[in-house]
Amino acid sequence: MKILLVGYFTETSKATITRHFPEGWDIVIVPPGEEILRHIEDCQVLIPEHVKVDHSLLSRAAKLKLVQTGAGYDNVDIAACSELGIWAANAAGVNALAVAEHVMALLLSYYKNIPFLDAFMKNKMDQHQLDYTGSELAGKTIGIIGFGAIGKKVAEFCRVFEMNVLAYARNAAVQSDDFVKMTDFDTLISTSDIVSVHTPLNQQTKQLINKAVFQKMKHTSLFINTARGGIVNERDLIDALKNRDIAGACLDVFECEPLPTDSELRNLSNVILTPHTAGMPDGLKFHKKRYDFFVNNIRRVENGEEPASKLNQIV
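Predicted model only: the values in this text are computed from it and were never measured.

Colleague: Looking at this model, I keep getting lost on the state of the cysteines. Mind explaining?
Modeller: Note: disulfide means a covalent bond formed between the sulfur atoms of two cysteine side chains. Counted according to the given criterion, the structure contains zero disulfides. Note on Cys250: no disulfide assigned, nearest cysteine sulfur contributed by Cys158 at a separation of 13 Å. On the basis of relative accessible area, Cys250 is assigned to the buried category, the value being 0%.

Given below as structure tokens:
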């Protein structure tokens, strides 16, 4: 069994990942680029990050049985997988806790002004000259766009902080409860103090958050995105932040990743940035629960069974 992982990994994380797979499996880890083509022809499983898995690439993979992704799968042509008889599956929910914790860390960092205070102390400034703003989470309204596993976990955490929670889901079957109030998209963005995105990237959500949306948000609102960069028109976001149409943003994902070093986002004082690490519970870019899921799913396909969390159906 040859497993091809494509992504940006440190040597330490490569070693950790390789050890996690069963003995006897051939684990090949390569960065995005032409090296993929050297291995795609004889691999049975592809685990892709930061690379487009389209019909052209898949057509080279004569032995491929499964394309296995993490939570997101916007980089995979699911229709092409079906056409070529290749299973596609994601790992829905496995990183929900990690992402939700990251959202709360960003929230607290922003409202408690942790980046500023940390710099203040490390720059050895006169504490008598300290002048900053801060705020409590209690009583604030967070609007959660997309109410799947991650959105629900964020809502649970917000309950502990005595926040109000609004949520918007395309699935009309999702109902309000005694804590979370389901609402329409426009009401959510216009009344929330915080807007947090937790929806997948697809044709319906591509650049869902744009200039018109930012103009409807409160001038005091905070925007958080730990989902996918393509859900947001980044130019519109930068303009909204510079013009103070919104108060700030906390971002873990971007239209272009890694985030270009010359991105204006890096220079804005009202932005907190992290490098697409929300789903990683530690610093090794290794998520044990995710890789446990991967191993189990590969074994299912190896045994002629359907993968869990399948994204397509093959005959």
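Having seen the structure, we can now continue with the description.
Colleague: Before we go on, may I ask you to explain the layout of surface pockets in this structure?
Modeller: Empty space among the atoms becomes visible once a probe the size of a water molecule is rolled across them. Quantified by volume, the second largest pocket comes out at close to 440 Å³. Lining the second largest pocket are 18 residues, with Tyr110, Asn113, Thr133, Ala247 and Asn270 positioned closest to its centre. Those elements giving two or more residues to the lining of the second largest pocket turn out to be helix H5 (96-111), helix H6 (114-122) and strand S12 (271-273). Looking at the lining of the second largest pocket, its residues break down into seven nonpolar, eight polar and three charged.

Colleague: Help me out: how do you make sense of empty space enclosed by the protein in this one?
Modeller: One pass over the full model with this rule turns up one cavity of 30 Å³ or more. When its volume is computed, the largest cavity comes out at roughly 40 Å³. Together, Asn225, Gly229, Val232, Glu234, Leu237, Leu251, Val253, Phe254 and Leu265 line the largest cavity. Residues of the lining of the largest cavity, tallied by class, amount to six nonpolar, two polar and one charged.

Colleague: What exactly am I supposed to notice about the pattern of salt bridges here?
Modeller: Side chains bearing opposite charge may pair, as long as their charged atoms lie close to each other. Taken as a whole and assessed by the stated rule, the structure comprises 15 salt bridges. Across the salt bridge formed by Asp193 and Lys218, the nearest N and O atoms sit 2.9 Å from each other. Taken together, the positions of Asp193 in the loop between helix H8 (185-191) and strand S9 (194-197) and Lys218 in the loop between helix H9 (211-216) and strand S10 (222-225) put the pair 25 residues apart, joining distant regions of the chain. In this structure Asp193 comes out as buried when scored by relative accessible area, which is 16%.

Colleague: Is there a simple way to think about a nonpolar patch on the surface in this case?
Modeller: Taken together, the side chains of Phe116, Leu130 and Tyr132 present a nonpolar region at the surface, about 250 Å² in accessible area. Checked against the element boundaries, Leu130 lands in the loop between H6 and strand S6 (141-145).

Colleague: Honestly, the nonpolar core in this entry has me stumped. Any pointers?
Modeller: Across soluble globular proteins, you tend to see nonpolar side chains buried next to one another. Counting 31 residues, the largest nonpolar core has Leu107 and Ile142 as the members making the most contacts within it. Listing elements by their share of this core, those giving two or more residues are H5, S6, helix H7 (149-160), strand S7 (164-168), strand S8 (180-182) and S10. No other element matches H5, which puts nine residues into this core. For Leu107, the contacting residues outside a window of four places in its chain are Leu137, Ile142, Met163, Ile194, Leu222 and Ile224.

Criteria and thresholds
- In every chain, residue numbers begin from 1 and rise along the written sequence.
- Given that the model is predicted, a residue must reach a pLDDT of at least 70 before its local features are reported, and side-chain atom pairs must reach 80 or more before they are shown or counted; all residues, however, enter totals for whole chains, interfaces and linings.
- To get the side-chain values, all heavy atoms of the structure are used, and hydrogens and water are removed first.
- Two cysteine sulfurs form a disulfide in these notes if their separation is within 2.5 Å.
- Three labels apply to residues, based on accessible area from a 1.4 Å probe with only protein chains included: buried if under 20% of the type maximum, exposed if over 50%, partly exposed otherwise in between.
- Think of a 1 Å grid over the protein atoms and nothing else: a 1.4 Å probe that fits but is trapped marks a cavity, an open set flanked by protein within 12 Å on at least five of seven lines marks a pocket, and residues with an atom within 4 Å of a point count as lining.
- Grid points are joined across faces, edges and corners, and a volume is the space filled by probe spheres set on the points.
- Helix and strand assignments follow DSSP, with helices taken as H or I runs no shorter than four residues and strands as E runs no shorter than two, numbered in order from the N terminus.
- Three classes are used, and their members are as follows: Ala, Val, Leu, Ile, Met, Phe, Trp, Tyr, Cys and Pro are nonpolar, Asp, Glu, Lys and Arg are charged, and the others, Gly among them, are polar.
- Salt bridge criterion: a side-chain nitrogen from Lys or Arg within 4 Å of a carboxyl oxygen from Asp or Glu.
- Each patch groups residues whose relative accessible area exceeds 30% and which form no salt bridge, using 9 Å between like charges and 5 Å between nonpolar side chains of Val, Leu, Ile, Met, Phe, Trp and Tyr.
- Per-residue accessibility takes into account occlusion by the displayed protein chains alone, with areas from the Shrake-Rupley method and a 1.4 Å probe.
- In plain words, nonpolar cores are sets of buried Ala, Val, Leu, Ile, Met, Phe, Trp, Tyr and Cys residues tied together by side-chain atoms within 4.5 Å.
- Note on definitions: a residue-residue contact is assigned when non-hydrogen atoms from the two residues lie within 4.5 Å.

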